[in-house]
Amino acid sequence: MGGNELRYVHQALDTNWISQYGSNIDEFENSLENYFGSSSHVTVLSSGTAAIHLALRMLNVEKGDFVICQSFTFVATANPILYLNAVPVFVDSESQTWNMCPEALEDAIKYCIQQGKKPKAIIVVLSYGMPFMVEEILQISKKYEIPIIEDSAEALGSKYKDRLCGTFGDFSVISFNGNKIITTGGGGTLISRNAEDKIRALFLATQAKDDMEFYGHSEIGYNYRMDNVAAGIGRGQMDTLEEKIMQRRKNHDFYQDAVKNNENIELFSEPDSNFFSNYWLNTIILKNGLAKENLRTRFSQENIETRYLWKPMHLQPLFQGYKFFGNNLSGTLFETGLCLPSGTNLTDENRSRISEVLQK
Ligand SMILES: *Cc1c(COP(=O)(O)O)cnc(C)c1O
């Protein structure tokens, strides 16, 4: 917490605006719209998952439709495809950004078209805050006229060629879950590119009430709106965003230094100066056959938590039987990678303990 969160939460309680209306919601949305700029229309919601679900609904994804989805991600990216009884088609990552591989994407699109159905959407993810290959992916989206849902859940503050992530998709998604770079406890936002889409998102997120006096409904809606107390936390958190990005990037500098002479460890880093990552998490790949579980155990013995990288969706029992395009780089990342402590509150003492284990 940064300091102003409690003030806005108090304001909600003092004025008795604790439901899904109130000035914290308006102001949180305003400050996000200021942050992202004029072609971003923000609807704050109860979670990032809800935002992905709404984006798919907005693109008229229905039962049996193909939706292309990055395989290397957290399951929240892919679950909403199943909520709509649509058919996920998974695409592998490339080695530069660990995000969607343009060649494999094009193979997947061609497969769907051969089956007689153009995919309704492409969900691209920004793993651990790293921007994807923006130009290549957007070009394919344009060529085949398939809209992009940009899952920037982890990537608030990241940039590609000085343009903020969250502005690249036809719809973009940010998460404010407790583990993300700023938080509302649970929460997220859908970012639309025009005002009409925002109105439609708000309509679907608040039970799709018809324009009549009481309780008329013609289509399926959801209870997905953020509440005014959570929005108060988010409003306060916005004041801390730049500092938090700086702290996360400092963690990356630390890791760069800690592994610079270590030929067994490769730190995942920006491919070139076009990419600006918020370094939500710092991740490494172990080389020369070293086992990730051994390193994880060594950290654990020192009471330091590390985690595996995402287990790709195409290797999950939940998604057995769905198509996958690529060379399984994402599977190799899962086999050989580890997430290292990356919180904004890491102290120098924490860092030297981490560094010691890495050296050993
Ligand atoms: C956290 C996360 C989500 C889901 O966000 P919630 O707010 O937790 O529902 C979706 N995609 C990715 C890549 C995430 O990391």
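Residues numbered from 1 in each chain as written. Predicted model: local features only at pLDDT ≥ 70, side-chain atom pairs only at ≥ 80, totals over all residues. Heavy atoms only, no water.

Per an unreviewed UniProt entry, the protein chain is named Aminotransferase class I/II-fold pyridoxal phosphate-dependent enzyme, and its organism is Chryseobacterium kwangjuense. UniProt's Sequence similarities (unreviewed entry) comment on the protein chain is quoted here verbatim: "Belongs to the DegT/DnrJ/EryC1 family." (UniProt positions renumbered as here; feature names shortened; annotations may be inferred.)

Chemist: How would you sum up the packing of helix α5 (residues 102-114) against helix α6 (residues 134-144)? Please name residues and give values.
Modeler: Direction vectors running N to C along α5 and α6 enclose 20°, while the axes themselves pass 10 Å from each other. As summarised for this structure, α5 and α6 are arranged roughly parallel, according to the angle between their axes. Every pair of crossing elements has a handedness; the one defined by α5 and α6 is right-handed. Contact with α5, carried on its side by Pro102, Leu105, Glu106, Ile109, Lys110 and Ile113, involves Glu136, Ile137, Ile140, Lys143 and Tyr144 of α6 and no other residues of that element. Its residues placed into classes, the contact of α5 with α6 shows seven nonpolar, no polar and four charged. (Axes fitted to C-alpha atoms, helices over the stretch in contact; angles between N-to-C directions. Helix = DSSP H or I, 4+ residues; strand = E, 2+ residues; numbered from the N terminus. Parallel < 35°, antiparallel > 145°, perpendicular 65-115°, else oblique. Left-handed = near helix turned anticlockwise from the far one by under 90°. Contact = heavy atoms within 4.5 Å. Nonpolar A, V, L, I, M, F, W, Y, C, P; charged D, E, K, R; others polar.)

Chemist: Residues and numbers for the pattern of salt bridges, please.
Modeler: A full pass over the atoms with the stated rule returns 14 salt bridges. The salt bridge involving Arg225 is made with Glu29; its shortest N-O contact spans 2.7 Å. Of this pair, Arg225 sits in the loop between α7 (195-205) and α8 (228-238) while Glu29 sits in helix α2 (residues 23-36), placing them 196 residues apart in sequence. Relative accessible area serves as the criterion here: at 10%, Arg225 is assigned to the buried category. Connected via shared salt-bridge partners are Glu29, Glu33, Lys198 and Arg225. (Salt bridge = Lys/Arg side-chain N within 4 Å of Asp/Glu carboxyl O. Buried < 20%, exposed > 50% of the residue type's maximum accessible area, 1.4 Å probe, protein only.)

Chemist: How would you summarise the site of the ligand if you had to cite specific residues and measurements?
Modeler: For the ligand, the set of nearby residues contains 14 residues, the closest of which are Gly48, Thr49, Glu154, Ser175 and Lys180. Between Gly48 and the ligand, the recorded distance is 2.7 Å, taken from a backbone N or O atom to an oxygen atom. A distance of 2.5 Å is found between an oxygen atom of the ligand and a side-chain nitrogen or oxygen belonging to Glu154. Relative to its free-state accessible area of 380 Å², the ligand is covered by the protein chains to the extent of 94%. Each residue belonging to the shell around the ligand can be placed in one class, and the counts come to three nonpolar, eight polar and three charged. (Near = heavy atom within 4 Å. Polar contact = N/O pair within 3.5 Å; in protein donor to acceptor, adjacent residues only side chain to side chain. Areas by Shrake-Rupley, 256 points an atom, 1.4 Å probe, with all protein chains shown as cover.)

Chemist: Can you lay out the pairing of strand β12 (residues 282-286) for me, pointing to particular residues and giving the numbers?
Modeler: Of all the five residues making up β12, five are buried; the element is thus mostly covered by neighbouring parts of the structure. Residues of β12 alternate between two faces, with Asn282, Ile284 and Leu286 on one and Thr283 and Ile285 on the opposite face, all of them buried. When strand β10 (residues 265-267) meets β12, the two strands line up antiparallel, connected through three bridges. Bridge assignment links Leu267 to a residue of β12, and that residue is Ile284. Across four bridges, the pairing between β12 and strand β15 (residues 337-340) is antiparallel. Within β15, the position partnered with Thr283 by the bridge is Cys339. (Pairing = 2+ DSSP bridges.)

Chemist: I'd like a rundown of the domain arrangement of the protein chain, residues and numbers included.
Modeler: Accessible area lost during the coming together of the parts is what is often quoted as the interface size. By domain assignment, the protein chain separates into domain 1 (5-238) and domain 2 (241-359). Using C-alpha coordinates to define each centre, domain 1 is positioned 25 Å away from domain 2. Counting from both sides, the interface comprises 45 residues of domain 1 and, opposite them, 38 residues of domain 2. Where domain 1 abuts domain 2, roughly 3,900 Å² becomes buried across the two surfaces, and 69% of that area is made up of carbon and sulfur atoms. A per-residue breakdown of the area domain 1 buries against domain 2 is headed by Trp98, Tyr128 and Ile181, which together make up 22% of the total. On the surface where domain 1 and domain 2 come into contact, there are zero salt bridges. Across the domain 1-domain 2 interface, the total number found is 20 residue pairs in polar contact (both at pLDDT 80 or more). Of all elements in the fold, only α4 (79-83), β3 (87-91), α5, β6 (159-160) and α8 reach the threshold of two or more residues within the side of domain 1 that touches domain 2. Per-element tally for the side of domain 1 that touches domain 2: the top contributor is β3, with five residues. Residue composition of the side of domain 1 that touches domain 2, grouped by class: 25 nonpolar, 13 polar and seven charged. (Domains from an automatic or database assignment. Buried area = accessible area lost by both parts, 1.4 Å probe.)

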